[in-house]
Amino acid sequence: MKKVPLIVFLSVLLISCRSKEVVTDSASFSPVDYVNPLVGTLSKFTLSTGNTYPAIALPWGMNFWTPQTGDMGYGWTYCYTDDKIKGFKQTHQPSPWINDYGQFSLMPVTGAKKFLQNERGSWFSHKAETARPYYYSVYLADHDVKTEITPTERSAYFMFTFPESEDSYIVVDAFDNGSFIQIDEEHYTITGYTTKNSGGIPDNFRNYFVMKFDKPFVTAEVWSGDKIIEGKKEVKDNHVGAVLGFRTSKGEKIGVKVSSSFINEEQAWLNLEEIGSKDFNEVKGAARDAWNDVMKKVRVENNIFIIARKSTRGKLLDYYMQFPNGEEDYLCTKNYSKECFEMCKAGIPINQVLCSRRRNPAVMKLVNYLNFMMPYFVEYFELKKVA
């Protein structure tokens, strides 16, 4: 039987199809290209129009990727009215109220070696921004760099197009709350981990990340706090990162394959094999096809709008179950419980339509948790009626 991915929290999807304008029976019809992940991002702490962010991911993906306009740790990671991007981060955030965990970011920079979030940020325009569930691109005006991202289930392929410059950089930010980073100049790789979180995680929590660059570094430095650490290629502290330098010609592209694991670094490298030797366009095409396989299950006719808010991160369950420390149920339960409200509002109903086979295990995990910790929530959400 063909595996059907569970729809995961990504953003509000808005599909507008007119039967006279869209030929849905065509073999080339691509419903995912009618999806705008920016819908719902015109939100802030005092007013919500959706409280979403333009996450780039696959259905049932473990990791999401998003441009970051807010400060590190701020729940509203991307706001449509902001005019500066500070980085492109891996995220696992179900909502701004619950906030994020296990996040880290990359950011291209030219000119001065700026690595702090409020110094490296660049002005951007929505006119030079493309957002699809399977692909994101934006032009960073202050650095004259185009950034592109396309995902796999656990990894992502970044492509940065630089201007002619002797001072082109890619900044890696492992965020605060305790982090580690290491540079391997011989193999053009970065490894490390982040412990950034918003609570509700085990004491040994780490998100291990790995990055493979397709060009050698001209310079490679690590930083901690607000200072470059001279002469070192690794550092562990509260807030660390790396600055990788390149000499680029006009239009030169630098690709970075990125992945992570909540288990260990070795597993992160295994996850990166999802990309393997594929080029950027191959990964992008596969991601587009994955979305269309799911979305073509629903046919939209006449002037109908479908709004679906995605909820819960499926691959996280699969991977937490691999922990050898006897805390599998605890880890799964704790993470699913943090997202129960979003699931009940829209995740469970849309999953019933698109992938009912995947819905029941997630619902039962919530029921078990709520029966154990908060019985009154079971009655409030009426989960038992849909389990």
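Quick caveat: nothing in here was measured; it's all calculated off a predicted structure.

**A word on the overall build of the protein chain**
Helix and strand counts for the protein chain come out as eight helices and 20 strands. Expressed as a percentage of its 387 residues, the buried residues of the protein chain come to 57%. Contacts spanning at least 24 positions in sequence make up 67% of the contacts within the protein chain whose residues lie at least 6 apart. With the model as given, the accessible surface of the protein chain reaches about 16,600 Å², and the carbon-plus-sulfur share is 51%.

**So, the sheet that holds strand 19 (residues 252-261)**
Strands in a sheet are paired, the pairing made by backbone hydrogen bonds, and the direction either parallel or antiparallel. One open sheet holds the nine strands; their spatial order is 7-8-9-10-19-14-13-12-17, and the pairing between them is antiparallel. Among the strands making up the open sheet, the edge pair consists of strand 7 (129-132) and strand 17 (234-237). Each strand of the sheet is rotated relative to its neighbour by a mean of 15°, with strand direction disregarded. Bridging between strand 12 (residues 179-184) and strand 17 involves four bridges; their strand directions are antiparallel. Its bridge partner lying in strand 17, F180 is registered against K236.

**Digging into the pattern of salt bridges**
Tallied over the entire structure, the rule returns 13 salt bridges. Taking the shortest distance from any N to any O, the salt bridge between R154 and E153 comes out at 3.5 Å. For E185, the salt bridge identified is with K233, shortest N-O distance 3.5 Å. Taken together, the residues span a long stretch of sequence, with E185 in the loop between strand 12 and strand 13 (189-194) and K233 in the loop between strand 16 (227-229) and strand 17 at a distance of 48 residues. The exposure class of E185 is partly exposed, given its relative accessible area of 36%. Residue class for K233 comes out partly exposed when judged on its relative accessible area of 34%. Among the ionic contacts, a cluster of salt bridges with common partners joins D33, R132 and R288.

**Considering the side chain of D173**
Tracing the chain through its elements places D173 in strand 11 (residues 165-173). The buried category is assigned to D173, whose relative accessible area is 3%. A distance of 3.1 Å separates a polar atom in the side chain of D173 from a polar atom in the side chain of R120. Apart from the residues within four sequence positions on either side, D173 is in contact with F104, S105, R120, W223, H239 and V240.

**Remarks on the environment of W123**
Structurally, the position occupied by W123 is in strand 6 (residues 122-123). In this structure, the C-alpha to C-alpha distance between W123 and A141, residues 18 residues apart in sequence, is 5.6 Å. Setting aside residues no more than four positions away along its own chain, W123 makes contact with D83, K84, Y139, L140, A141 and D142.

**Quick notes on the pairing of strand 12**
Relative to strand 13, strand 12 runs antiparallel, the two being bridged by six bridges. The residue bridging D184 from the neighbouring strand is T189, located in strand 13. Adjacent in sequence and paired antiparallel, strand 12 and strand 13 are bridged by four residues, among which Y188 carries a positive phi angle near 55°.

**Section: the packing of aromatic side chains**
Evaluated as defined, the whole model comprises 23 aromatic pairs. Taken together, a centroid distance of 5.5 Å and an interplanar angle of 40° make the contact between Y74 and W76 tilted. Members of the aromatic cluster, connected to one another through ring pairs, are W65, F104, F158, F160, F162 and F209. Residue placement shows R206 over the ring face of Y193; its charged tip is 4.0 Å from the ring centre.

**Considering the environment of K250**
You can see K250 is positioned in the loop between strand 18 (240-248) and strand 19. It is 4.1 Å that separates the C-alpha atoms of K250 and E164, two residues lying 86 residues apart in sequence.

**Comments concerning helix 3 (residues 280-295)**
In this model helix 3 runs 23 Å from its N-terminal to its C-terminal C-alpha over 16 residues, within 8% of the 22 Å that 1.5 Å per residue would give. Among the residues making up helix 3, those that are buried are F280, V283, A287, W291, N292, V294 and M295. Where helix 3 begins, the capping side chain belongs to D279, and its oxygen is found 3.2 Å from the backbone nitrogen of N281.

**With respect to a nonpolar patch on the surface**
The grouping of F45, Y74 and W97 at the surface amounts to a nonpolar patch, some 380 Å² of accessible area in total. Tracing the backbone through its elements, the reader meets F45 in the loop between strand 1 (12-17) and strand 2 (64-68). The class for F45 is exposed, based on a relative accessible area of 53%.

Reading the values: rules and limits
Residues numbered from 1 in each chain as written. Predicted model: local features only at pLDDT ≥ 70, side-chain atom pairs only at ≥ 80, totals over all residues. Heavy atoms only, no water. Helix = DSSP H or I, 4+ residues; strand = E, 2+ residues; numbered from the N terminus. Buried < 20%, exposed > 50% of the residue type's maximum accessible area, 1.4 Å probe, protein only. Contact = heavy atoms within 4.5 Å. Areas by Shrake-Rupley, 256 points an atom, 1.4 Å probe, with all protein chains shown as cover. Pairing = 2+ DSSP bridges. Axes fitted to C-alpha atoms, helices over the stretch in contact; angles between N-to-C directions. Salt bridge = Lys/Arg side-chain N within 4 Å of Asp/Glu carboxyl O. Polar contact = N/O pair within 3.5 Å; in protein donor to acceptor, adjacent residues only side chain to side chain. Phe/Tyr/Trp six-rings, centres within 6.5 Å; stacked < 30°, edge-to-face > 60°. Lys NZ or Arg CZ within 6 Å of the ring centre and 35° of its normal. Expected span 1.5 Å × (residues − 1). Patch = residues over 30% accessible without salt bridge, like charges linked within 9 Å, V, L, I, M, F, W, Y side chains within 5 Å.

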